Every structure is written in C-alpha cells, then in structure tokens.
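Descriptive structure summary
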Amino acid sequence: METPHKREGPPLPQGELSGLPGFYIPSETLRVIEDFLFSGFHVMLTGHSGCGKTTFGQVWAASRGMAVHKVNCGAIRSPRDWFGRHEFREGTGTVFVSTRFLEMLERPGLIILDEINRTAPENHNPILNLLDDNREVYVEELGRHVRVHPEVLFIATRNAGRHHTGTFRLDHALEDRFQEIRLELPPEEVIARLLAEKYAISAEQAEIVARVTVKLDRMYEEDLLSQTTGMRPAFAAAALLGRGHSLETALRYAFATRYSGEGGPESERTLVLQTIQGLVK
Ligand SMILES: Nc1ncnc2c1ncn2[C@@H]1O[C@H](COP(=O)(O)OP(=O)(O)OP(=O)(O)O)[C@@H](O)[C@H]1O
Ligand SMILES: [Mg+2]
C-alpha cells in the first residue's frame, strides 16, 4: 500500500456526517470512506449495478458543499482525451480546449472517475502519476506540469460482474492506488422508505416493491438470475404505482421485462414473474 499523501494547504473538514440526505449508506461505511479520502487515499466503489456507486460521490460532495466533477471514463478513447481536444475556431485557428477534468485538478473538489474500467488500460497511463504521491502530470498542449490541488479527492467506480461486457481488467498499478469499498443494496425497510419518500404510494406498495428488489438481488447472488436489478427498477415500479398503475403492471414492466423471455416457460422472465407472484400474495 502507498504511504498517505501529505496534505498541504488548509485542513479539510473533519466533522462527522450523520448520514446523507435521501441516500442510504451504513454509518461505518460512510466514515471509512471519508477517513480514507481525508487521509489522502483514493476510494474505489464496487458493487452491483444500481446500488449507488455513481450517486454516492455526488450526494456526498453536495452534503459537504464541495465542487464535484464526474468523468465518464467510457468516453475516454485515447490517452489525450483526459485533458482536452483541439478545436478549430473561426479567425483564431486551432485552439486547445481543456476538459473540465483538467480544470478541476487545480482546484478543491471531488473528482469521480466513473466506470474507470470502461476505458482500455493503456488510456490510464496519463492519470497514474496524478493518483500517486507525484500528484502531477505534464500536459503537452499546455506546455507545463499540472499539479493536483492538495484538496482534490478522488473516487472511482467500477462495474464488475457476469453481465458487464465492455469492461477491462484493471491494471494492478491503477488498482493499487485505490482502497476498495463495496456498496450493497439498502435493507428492505430502507428501500421501502426511500420509495415512499419519493413517490405518492402506500406503505404496503412500497414494502412489496422493496421485497421484490431484495429477493431478485439475492437470486442473482445465488446464480439463479443473470442480472442484478439494483435500485433502478424499484424506483421505476414506484413511479408507475404513483401514477395509478396496478401492482401487477408496475412490477411486470419495471422488473420482469428486464429479463429474457427466451425459452418461454423456462425463461428467466417466467422465473421472475413467478417469484413476483409469490411475493405479492
Ligand atoms: N443506497 C442508496 N440510497 C438511495 N438511493 C440509491 C441508493 N443506491 C442507489 N440509489 C438510487 O438508484 C439509482 C441508481 O444508482 P447509481 O446510478 O448510483 O448506481 P450505480 O451503482 O452507479 O449503477 P451502475 O453500476 O449501473 O452504474 C439512482 O437513482 C440512485 O439515486
Ligand atoms: Mg454508475
């Protein structure tokens, strides 16, 4: 493990947050993430799809009053894409336009490297030095070194799992620069509360949607399903219920249609529909 980066400049806030508005995270996990970040370690969030990896950083930065920028790493197609692109401007000719990422490196804030394993490993080279104790990189187009501001924090997210095509194995050098934290689906009663807070649905409806969500997630863990559902279909079902659809319709459109109907009665979709029926009764 690397030695922690010695911070220069004013200290970052150290007070404890009781929680994050509208976002569930166990208090211990939240504390560990914060303590890693404030000690100069970067954090890699992993976990099933839809379990809050991308949202966490945004909600957390907002609650801390911190500037935040999310880099969609899947859009990085060449090593130079991190920093900017050349554009032709009428009258001026070709100019270099910096990315927001490059600008954010030099001012306090949180940078989220979202889906960091969706860009090929060779594209990670320019950011390796940014993420270690050097905290600087030479940007040819600017003709100077860019030093990462002492109060810049990094969170990366990574999608892993059976159904994640288009992802790359992370190079050890990059992986080693992060402390990994796994985010889990919230407990059933918390999901029900989050749904009921956001949509005009009954407590009973919220509980059923939460039950289905947790059950399908467990079935994925047990290898009975090929896909995780995360929180997205739960919100989708609650939205339909809030607009007056029946429970049957809401659950079918939000959850079951995500699974393949191939194989008819033997299909994953049939299994999901049967599971839902069993939980609604
Ligand atoms: N713990 C949570 N508390 C409240 N809302 C959550 C939580 N986890 C996920 N959500 C909600 O579920 C949705 C999906 O979350 P998000 O996009 O952060 O998932 P993700 O883990 O990044 O998924 P993917 O791996 O597919 O990118 C968002 O609307 C988010 O607000
Ligand atoms: Mg995400």
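Here the structure is a predicted model, which means the values were calculated and not measured. (Residues numbered from 1 in each chain as written. Chains lettered and ligands numbered in written order. Predicted model: local features only at pLDDT ≥ 70, side-chain atom pairs only at ≥ 80, totals over all residues.)

1. Re the domain arrangement of the protein chain
Size of an interface: often given as the accessible area lost when the parts come together. What the domain assignment lists for the protein chain is domain 1 (27-182) and domain 2 (188-280). Computed over C-alpha atoms only, the centres of domain 1 and domain 2 are separated by 33 Å. With eight residues of domain 1 at the interface, the matching set in domain 2 holds eight residues. Tallied by class, the residues present in the side of domain 1 that touches domain 2 amount to one nonpolar, six polar and one charged. (Domains from an automatic or database assignment. Contact = placed C-beta atoms within 7 Å. Nonpolar A, V, L, I, M, F, W, Y, C, P; charged D, E, K, R; others polar.)

2. A look at unusual backbone geometry
Leaving glycine out, the prevailing phi sign among residues is negative, and the prevailing peptide bond configuration is trans. A positive phi is found at R135, a non-glycine position, where the angle reads about 45 degrees. Counting through the fold element by element, R135 comes out in the loop between α4 (125-128) and β6 (136-139). According to the C-beta neighbour criterion, R135 is partly exposed, with 18 such atoms within 10 Å. Phi angles above zero are rare outside glycine, and D223 is one such case at about 70 degrees. Here D223 is to be found in the loop between α7 (203-221) and α8 (232-242). (Helix = DSSP H or I, 4+ residues; strand = E, 2+ residues; numbered from the N terminus. Buried ≥ 20, exposed ≤ 12 C-beta atoms within 10 Å, placed from the backbone.)

3. Examining the environment of I76
Residue placement: I76 occurs in the loop between β2 (68-72) and β3 (84-89). For the pair I76 and T119, spaced 43 residues apart in sequence, the C-alpha to C-alpha distance is 6.0 Å. Leave out the neighbours within four places in its chain, and I76 touches D81, W82, T119 and N123.

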